[in-house]
Amino acid sequence: QPSYSNLGYSLLGNTLGAISSPSGSGSYQKMVQNQILTPLAMKSTGFTYSSDVLSRMAIGYDANGNPQPLYLEGWGAPAGQAYSTISDLSVLVSAHLSDYWSSTNRLMSASQTRQYMMPRWINPDYTVFGSPWESAMENSYLVRRKGGNFAGFSGMLSLVPELKIGFVALFSNSFDEYAFADASWPILINAFVQTYISMQPPIPSPQNTSLYAGVYTLSGNAASSISIYNGQYGKNILLINILGMNVFLSYITPTRMAVYIPPGLQACLLRDTLAIVGQYVFFTLNEDGSVQSFTVPGFAPGAQFIKKVS
């Protein structure tokens, strides 16, 4: 079972730093400067505490409000000795989000970034370890979190690349940064999802939805139903229950519709449910325009769902 290790990160950081130079004389600090800080123009981030840096640096306090002296890690610097600003770390978050989605990458390729974001170990309480993330689930999204404490200081960098949002928080005291993240993300994600839902165009519906509503049988047994939905995703929308799954129907023609799930809900769904998204539903109509049956060949090949006549 994995466990966080400052010694492990110090050893790894110093090893990578040494081999980053052809002569073997490189350092972790130089490697980070050359590969991250300089490319991202993070000019207020570094490891050397010059008189200029010290004059602009916040004072750290312990839990009782007592000022804390500056403590430098020395060889253990890779585990926590860098200084930075909210502005610089926001640039780092933006680079992570950009690399996750864009083909024009700043630090890593999109595939490297996705691998970097992947969970490595799921704990019994559903918190997740990654490299280097200590993540948790919130509203069906995996929130990547990296926090740390130093004498008199705490910090948190956290993001959800699937939603393209993230935040940075720095504290000049011994603050529980993970509790802060746990309290912040429900507010952020719920607001983001609700705003996203409100921006979605209405789901197209046929002029007469009642023609499609009813119970449908498969081999003589009730296997599906279509109802008329009125709620936060719109009004007078066709909602189909097929093989136990409830999904919307997006109208194309009287005989063809597509299974639709609002993007904001897709992260909440099981993989089996996502398999039906975008599938075409073909309706057979009677001469009077009433619905006789439907098929979903891409999802249930050969199955014909026949409308039950009351």
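Residues numbered from 1 in each chain as written. Predicted model: local features only at pLDDT ≥ 70, side-chain atom pairs only at ≥ 80, totals over all residues. Heavy atoms only, no water.

**Q** How would you sum up helix α2 (residues 28-37)? Please name residues and give values.
**A** Within the sequence span of α2, burial applies to Tyr28, Met31, Val32 and Leu37. The buried residues of α2 occupy an angular sector of 155° when the element is viewed end-on, so they sit on one face. With respect to the buried face of α2, the exposed residues turned more than 90 degrees away are Lys30 and Asn34. The inward-facing, buried residues of α2 contact α1 (6-19). (Buried < 20%, exposed > 50% of the residue type's maximum accessible area, 1.4 Å probe, protein only. Helix = DSSP H or I, 4+ residues; strand = E, 2+ residues; numbered from the N terminus. Arc of directions from axis to C-beta. Contact = heavy atoms within 4.5 Å.)

**Q** How would you explain the pairing of strand β14 (residues 304-307) if you had to name every residue and give the values?
**A** Burial along β14 is one-sided: the face carrying Phe305 and Lys307 is buried and the face carrying Gln304 and Ile306 is not. Pairing geometry for strand β7 (residues 214-218) and β14, over 2 bridges, is antiparallel. Within β14, the position partnered with Tyr216 by the bridge is Lys307. As defined by bridge partners, strand β13 (residues 291-295) adjoins β14 across 3 bridges and the pair is classed as antiparallel. Its bridge partner lying in β14, Phe294 is registered against Phe305. (Pairing = 2+ DSSP bridges.)

**Q** Mind laying out the environment of Pro204, listing which residues take part and the relevant values?
**A** When you line up the elements, Pro204 lands in the loop between α6 (177-199) and β7. Exposure remark for Pro204: the relative accessible area of 38% places this residue in the partly exposed category. Expressed as a C-alpha distance, the spacing of Pro204 and Ile252, which sit 48 residues apart in the sequence, is 7.7 Å. Residues within four places of Pro204 in sequence aside, it is in contact with Leu249, Ser250 and Tyr251.

**Q** Account for the sheet that holds β13, naming residues and giving values.
**A** Ordered by their spatial adjacency, 8 strands build a closed barrel running β7-β8-β9-β10-β11-β12-β13-β14, and the pairing between neighbours is antiparallel. Across the sheet, the mean angle separating the axes of adjacent strands is 35° when strand polarity is ignored. (Axes fitted to C-alpha atoms, helices over the stretch in contact; angles between N-to-C directions.)

**Q** Let's hear about the sheet that holds strand β2 (residues 128-129): which residues, and what values?
**A** An order of β1-β2-β3-β4-β5-β6 is seen for the 6 strands of this open sheet, with the pairing classed as antiparallel. Bordering the open sheet on either side are β1 (121-122) and β6 (165-171), each of which pairs with just one other strand. Pairing geometry for β2 and strand β3 (residues 134-138), over 2 bridges, is antiparallel. When the sheet's bridge partners are listed, Phe129 is paired in β3 with Glu134. Across the sheet, α6 is in contact with β3, β4 (141-150), β5 (153-160) and β6; its angle to β4 comes to roughly 150°.

**Q** So, the pattern of salt bridges: which residues are in play, and what are the values?
**A** Pairing between side chains of opposite charge can happen when their charged atoms approach one another. Under the counting rule described, the total for this entry stands at 4 salt bridges. Taking the shortest distance from any N to any O, the salt bridge between Asp52 and Arg56 comes out at 3.3 Å. Taken as a pair, Asp52 and Arg56 lie in helix α3 (residues 51-56) at a separation of 4 residues, close to a single helical turn. Asp52 gets classed as partly exposed once you look at its relative accessible area, which sits at 43%. Residue classification places Arg56 among the exposed positions, given a relative accessible area of 54%. (Salt bridge = Lys/Arg side-chain N within 4 Å of Asp/Glu carboxyl O.)

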